[in-house]
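Structural overview for review
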Amino acid sequence: MLTHRVIPCLDVNQGRVVKGVNFVDLRDAGDPVEIARQYDEAGADELVFLDITASHESRDITYEMVRQVAEQCFMPFTVGGGIRTVEDVTKLIQAGAEKVSINTAAILDPQIVAQTAKRFGTCATVVNIDPKRVPIDEALPRMRERYGAGFQPSAISTQQDEQGNKTECVFEVHTHGGRKPVGVEVLTYAKQVVELGAGEIVLTSMDGDGTKAGYDIEVTKVVGDAVDVPVVASGGCGSPQHMIDVLQQTRADAVLAASIFHFGEYSIAETKQAMANAGLPVRLTDPAKL
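Source: prediction; values computed, not measured.

Cut-offs used in this document
- Residues numbered from 1 in each chain as written.
- Predicted model: local features only at pLDDT ≥ 70, side-chain atom pairs only at ≥ 80, totals over all residues.
- Heavy atoms only, no water.
- Phe/Tyr/Trp six-rings, centres within 6.5 Å; stacked < 30°, edge-to-face > 60°.
- Helix = DSSP H or I, 4+ residues; strand = E, 2+ residues; numbered from the N terminus.
- Axes fitted to C-alpha atoms, helices over the stretch in contact; angles between N-to-C directions.
- Contact = heavy atoms within 4.5 Å.
- pLDDT = per-residue confidence, 0-100.
- Buried < 20%, exposed > 50% of the residue type's maximum accessible area, 1.4 Å probe, protein only.
- Parallel < 35°, antiparallel > 145°, perpendicular 65-115°, else oblique.
- Left-handed = near helix turned anticlockwise from the far one by under 90°.
- Nonpolar A, V, L, I, M, F, W, Y, C, P; charged D, E, K, R; others polar.
- Pairing = 2+ DSSP bridges.
- Right-handed = clockwise from strand over helix to strand, strands pointing away.

**A look at the packing of aromatic side chains**
For the structure shown, the criterion picks out 3 aromatic pairs. When the ring of Phe-49 is compared with that of Phe-77, the centres are 6.2 Å apart and the planes differ by 15°; the resulting orientation is stacked. Here the residue Phe-49 occupies a position in strand 4 (residues 47-51), and Phe-77 occupies one in strand 5 (residues 77-80), the gap between them amounting to 28 residues.

Structure, rendered in structure tokens:
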């Protein structure tokens, strides 16, 4: 039986690990090289390293930092942020990344997914998708401009405000670190990138990011049920129970978290033990690290 992976995420801005809420209000969490070393020792299954402002600032990711982080990690290591061409992907692989996570570039030119998969294999090709609930009357014109006048979203989500008013929303993908809505519907896009060669999807809910209120079960289920590659649930984790919930209620293969680990609220070991106690298959770490 395949085990579920627990994956810490290092969001890096200007050489420091940061964590925000809904992709903004960033808070310093430390040095990426040191944090990577600590997570490797703690028994994390994988590590994700994202330069979260590289695309927004139209600059390359810091390759030297990637090399230094890679030297500290003996676990699978994924890097993303600022990727624009397959040559950028090549540099990241050469710097020590085992996988690359493509986000904005895959929206601008989906063929980069196919090119990466052809050169390095599907296992090295990860697409990070950042969906957000947007009122349908706001998002649909953008989607129809992209897909055609007759386009109908595959998934509708109903939101209710404090007064009980309901709004129908669609899951619209955003780019440039979650700053730009691009008229891309999450389910349509997820299927497209898998067809092009993506071997894994990191699905980061912008609605949940940094809130610690739990993963977005709804959008994770929608995407997980529709594709046949591993889906990593991301955005909103506040406790090991949230990981248990999303893995039990969706087809997610792995869980990604940042705040609960960066700020010492839970250790990797005690998180995995809680998951095992709930009946989920995980690779347990040294009990001394609990």
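From this point, things continue past the structure.
**Thoughts on the packing of helix 2 (residues 63-72) against helix 3 (residues 86-95)**
Direction vectors running N to C along helix 2 and helix 3 enclose 35°, while the axes themselves pass 8 Å from each other. Across the interface between the two elements, Tyr-63, Val-66, Arg-67 and Ala-70 of helix 2 pack against Asp-88, Lys-91, Leu-92 and Ala-95 of helix 3.

**A look at the confidence of the model for the protein chain**
Confidence along the protein chain averages 88 in pLDDT terms, with 88% of residues attaining 70 or more. The model gives residues 20-25 a pLDDT under 50, and that stretch makes 18 contacts with residues more than four places away or in other chains.

**Examining the side chain of Ser-101**
Secondary-structure assignment places Ser-101 in strand 6 (residues 99-102). On the accessibility criterion, Ser-101 (4% relative accessible area) is buried. Sequence-distant contacts of Ser-101, that is, excluding residues within four places in its chain, are made with Leu-50, Thr-78, Val-79, Gly-80, Gly-81, Ile-83, Val-126, Val-127 and Asn-128.

**Topic: the packing of helix 3 against helix 5 (residues 111-120)**
Here helix 3 crosses helix 5 at 40°, and the two axes come no closer than 9 Å. Considered as vectors, helix 3 and helix 5 are oriented oblique to each other. For the pair helix 3 and helix 5, the sense of crossing is right-handed. On helix 5, the residues touching Val-86, Glu-87, Val-89, Thr-90 and Ile-93 of helix 3 are Ile-112, Gln-115, Thr-116, Arg-119 and Phe-120. Looking at the contact of helix 3 with helix 5 residue by residue, the classes come out as 5 nonpolar, 3 polar and 2 charged.

**A look at the pairing of strand 12 (residues 231-234)**
Regular strands place side chains that alternate from one sheet face to the opposite one. Here strand 12 shows two buried faces, one formed by Val-231 and Ala-233 and the other by Val-232 and Ser-234. Sheet topology note: the strand 12/strand 13 (residues 254-257) ladder contains 2 bridges and is parallel. In the sheet register, Val-232 faces strand 13, and the bridge partner there is Ala-254. For the crossover that starts at strand 12, traverses helix 9 (residues 240-249) and ends in the parallel strand 13, the hand is right-handed.

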